[in-house]
Amino acid sequence: AVPLDVQNYKTIDQYRNDIFGIAPSGEVQDPVNVITQTEACSRGKLKYVPASVSNCAVIVNGMMNVPIDKNVTGEESGIVVNWVQTKAQEILKATCGSTNLYSDFNQVMVIAPEEVKWGGAAAWAQMPGYLSAFRDVYADRMGVQLHEFGHNLG
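Criteria and thresholds
Residues numbered from 1 in each chain as written. Predicted model: local features only at pLDDT ≥ 70, side-chain atom pairs only at ≥ 80, totals over all residues. Heavy atoms only, no water. Helix = DSSP H or I, 4+ residues; strand = E, 2+ residues; numbered from the N terminus. Rg over C-alpha atoms; globule rule 2.2 N^0.38 Å. Buried < 20%, exposed > 50% of the residue type's maximum accessible area, 1.4 Å probe, protein only. Areas by Shrake-Rupley, 256 points an atom, 1.4 Å probe, with all protein chains shown as cover. Lys, Arg positive; Asp, Glu negative; His and termini not counted. Charge placed at Lys NZ, Arg CZ, Asp CG, Glu CD. Pairing = 2+ DSSP bridges. Axes fitted to C-alpha atoms, helices over the stretch in contact; angles between N-to-C directions. Core = buried A, V, L, I, M, F, W, Y, C linked by side-chain atoms within 4.5 Å. Contact = heavy atoms within 4.5 Å. Parallel < 35°, antiparallel > 145°, perpendicular 65-115°, else oblique. Left-handed = near helix turned anticlockwise from the far one by under 90°. Nonpolar A, V, L, I, M, F, W, Y, C, P; charged D, E, K, R; others polar. Disulfide = S-S within 2.5 Å.

Asker: Can you walk me through the overall build of the protein chain in this structure?
Answerer: Each helix and strand in the protein chain was counted, giving four helices and three strands. Order of helices (α) and strands (β) in the protein chain, N terminus to C terminus: α-α-α-β-β-β-α. Against the globule reference of 15 Å for 154 residues, the protein chain gives a C-alpha radius of gyration of 15 Å, in line with a compact fold. Its C-alpha atoms put the protein chain at 40 × 40 × 35 Å along the principal axes. Looking at the protein chain as a whole, 40% of its 154 residues are labelled buried. With the model as given, the accessible surface of the protein chain reaches about 8,300 Å², and the carbon-plus-sulfur share is 51%. The positive charge centre, built from 11 side chains, and the negative charge centre, built from 16, are 7 Å apart in the protein chain.

Asker: I tried to follow the sheet that holds strand β2 (residues 123-125) on my own but got confused; where do I start?
Answerer: Adjacent strands of a sheet form backbone hydrogen bonds with each other and so pair up, either parallel or antiparallel. Pairing within the open sheet is mixed, and its three strands lie in the order β1-β3-β2. Strand pairing shows two members of the sheet lacking a second neighbour, β1 (108-112) and β2, which therefore form its edges. Taking each pair of neighbouring strands and ignoring which way they run, the sheet shows an average axis angle of 15°. Where β1 and strand β3 (residues 131-135) come together, five bridges link them in parallel fashion. Each bridged residue has a counterpart across the sheet, and for Ile111 the counterpart in β3 is Phe134.

Asker: Just checking my understanding: could you explain the nonpolar core for this structure?
Answerer: Most often, soluble globular proteins have nonpolar side chains that are buried together. Membership of the largest hydrophobic core comes to 25 residues, with the highest contact counts inside it found for Met64, Val66, Val80, Val84, Leu92 and Val108. In terms of residue count, the dominant contributor to this core is helix α3 (residues 77-96) (seven residues). Not counting the four nearest positions on each side in its chain, Val66 is found in contact with Ala1, Val2, Val84, Lys87, Ala88 and Ile91.

Asker: Would you mind going over the packing of helix α2 (residues 34-41) against helix α4 (residues 142-153) with me for this structure?
Answerer: Packed helices, taken two at a time, are described by the angle between their axes plus the distance between the axes. In the contact formed by α2 and α4, the axes pass within 11 Å of each other and the chain directions differ by 60°. If you check the angle between α2 and α4, you find them oblique. The chirality of how α2 crosses α4 is right-handed. Residues Val34, Gln37 and Thr38 of α2 form the contact with α4, whose own contacting residues are Met142, Gln145, Leu146 and Phe149. Taken together, the residues of the contact of α2 with α4 sort by class into four nonpolar, three polar and no charged.

Asker: It is not clear to me how the state of the cysteines should be interpreted in this structure. Could you clarify?
Answerer: One pass over the structure, following the stated rule, counts one disulfide. Paired by a disulfide, Cys56 and Cys96 hold their sulfur atoms 1.8 Å apart. Because the torsion about its S-S bond is 55°, the bridge between Cys56 and Cys96 counts as right-handed. Here the residue Cys56 occupies a position in the loop between α2 and α3, and Cys96 occupies one in helix α3, the gap between them amounting to 40 residues. Residue class for Cys96 comes out buried when judged on its relative accessible area of 12%.

Laid out in structure tokens, this is it:
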């Protein structure tokens, strides 16, 4: 989420490296990431692959910035996630044609700033489901990522 009033603790490139091990040019690749750890943990049976959509420049190596025209400080995380999903769907429809957030992706991870109300949680996820939401300061932590993605799996 890219709201009006605050920003995430890291850039999208830093999160991309933390989550997928895809480092910006000249930076060190994070060797411990969702791809390497799910593959190791499942002995190769579960593989996370960054989303790639033909002719869709807003998704780069599995991630997209979603600017929302709202302030998020003090808002409940579920409300903010709904705003992000709605805006992401609008962006995908306008720039990528028929891409559908709800049916074309197996996993959707929303990262929102610390200033959102999280109720003390680091993150939450649908169980089972495709959606997980992360407090920005925990979105780069492997244990939190795999815990929430495990909920998504059921």
